[in-house]
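Residue-level listing of the chains:
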Amino acid sequence: MQPLIDYARTFGRRPEEFARLAEGQSPQVLFITCSDSRVVPALITGARPGELFELRTAGNIVPPHDSQHPTSEAATIEYAVEVLGVRDIVVCGHSHCGAVGALVRGDDLTAVPAVRDWLAGAPRPAGAAEDPEVAEGVQCHALTQLLRLRSYPCVERKTAEGTLGLHAWYYEVHTGSVRTHRAGTDTFEAL
């Protein structure tokens, strides 16, 4: 913890670098990814403060739209699309994902009931249970989350208008490479 504290103490000593951020934000992309500490959206994309609007959840899960019981995730998606006017949404899964691995393997999660209940809302993705990267499972899971995004009225409307693009990415934590889903071939290929 101490190195983090030390850095935070010096971080605020450069106010001129951050003054423009007080004027507002206008990110072009909503980046939905896992809470995993090895996945750092700004590092992956090279984004500066104000350029990405982020939604991080265990397993980059997008809950189904439910107007009767709104969630923090739904509020973030709606705000990004309707208020900030993002032009693209990226759902970025990653290799070695514990959440997706648990889904693929059908792990017993009774010791972590909140995790169990959160993951219960996600369908079990295809993939080899013995694959430590869970590549196939993560890629399948990211595509499922894109389908869920389409159930949000604001996303459905903006994609129909052609003003919002949806993208599935797969990030390899052990190589740093990023692949994107290509609908024409239904494969994940290098960016």
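Residues numbered from 1 in each chain as written. Predicted model: local features only at pLDDT ≥ 70, side-chain atom pairs only at ≥ 80, totals over all residues. Heavy atoms only, no water.

A. Quick peek at the overall build of the protein. Looking only at helices and strands, one finds 8 helices and 6 strands in the protein. N-terminal to C-terminal, the α/β element order of the protein is α-α-β-α-β-α-β-α-α-α-α-β-β-β. Relative to a compact globule of 191 residues, whose C-alpha radius of gyration would be 16 Å, the protein shows 18 Å and is just as compact. Each principal axis of the C-alpha atoms in the protein carries an extent, and together these give about 50 × 45 × 35 Å. Across the 191 residues of the protein, 38% fall into the buried class. Within the protein, contacts between residues at least 6 apart in sequence are counted, and of these 61% link residues at least 24 apart. (Helix = DSSP H or I, 4+ residues; strand = E, 2+ residues; numbered from the N terminus. Rg over C-alpha atoms; globule rule 2.2 N^0.38 Å. Buried < 20%, exposed > 50% of the residue type's maximum accessible area, 1.4 Å probe, protein only. Contact = heavy atoms within 4.5 Å.)

B. Molecular detail of the sheet that holds strand β6 (residues 187-190). With mixed pairing, 6 strands are arranged side by side in an open sheet as β2-β1-β3-β4-β5-β6. The two strands at the open ends of the sheet, each matched to only one other strand, are β2 (52-57) and β6. Ignoring strand direction, the axes of neighbouring strands in this sheet form an average angle of 30 degrees. Alignment of strand β5 (residues 178-182) against β6, held across 4 bridges, turns out to be antiparallel. Residue pairing in the sheet places Arg182 in a bridge with Thr187 of β6. In the packing of helix α4 (residues 72-83) onto the sheet, contacts are made with β1 (29-34), β2 and β3 (88-94), and the angle to β2 comes to roughly 165 degrees. Packing of helix α7 (residues 135-149) onto the sheet brings it into contact with β1, β3, β4 (165-171), β5 and β6, and relative to β4 it is tilted by some 160 degrees. (Pairing = 2+ DSSP bridges. Axes fitted to C-alpha atoms, helices over the stretch in contact; angles between N-to-C directions.)

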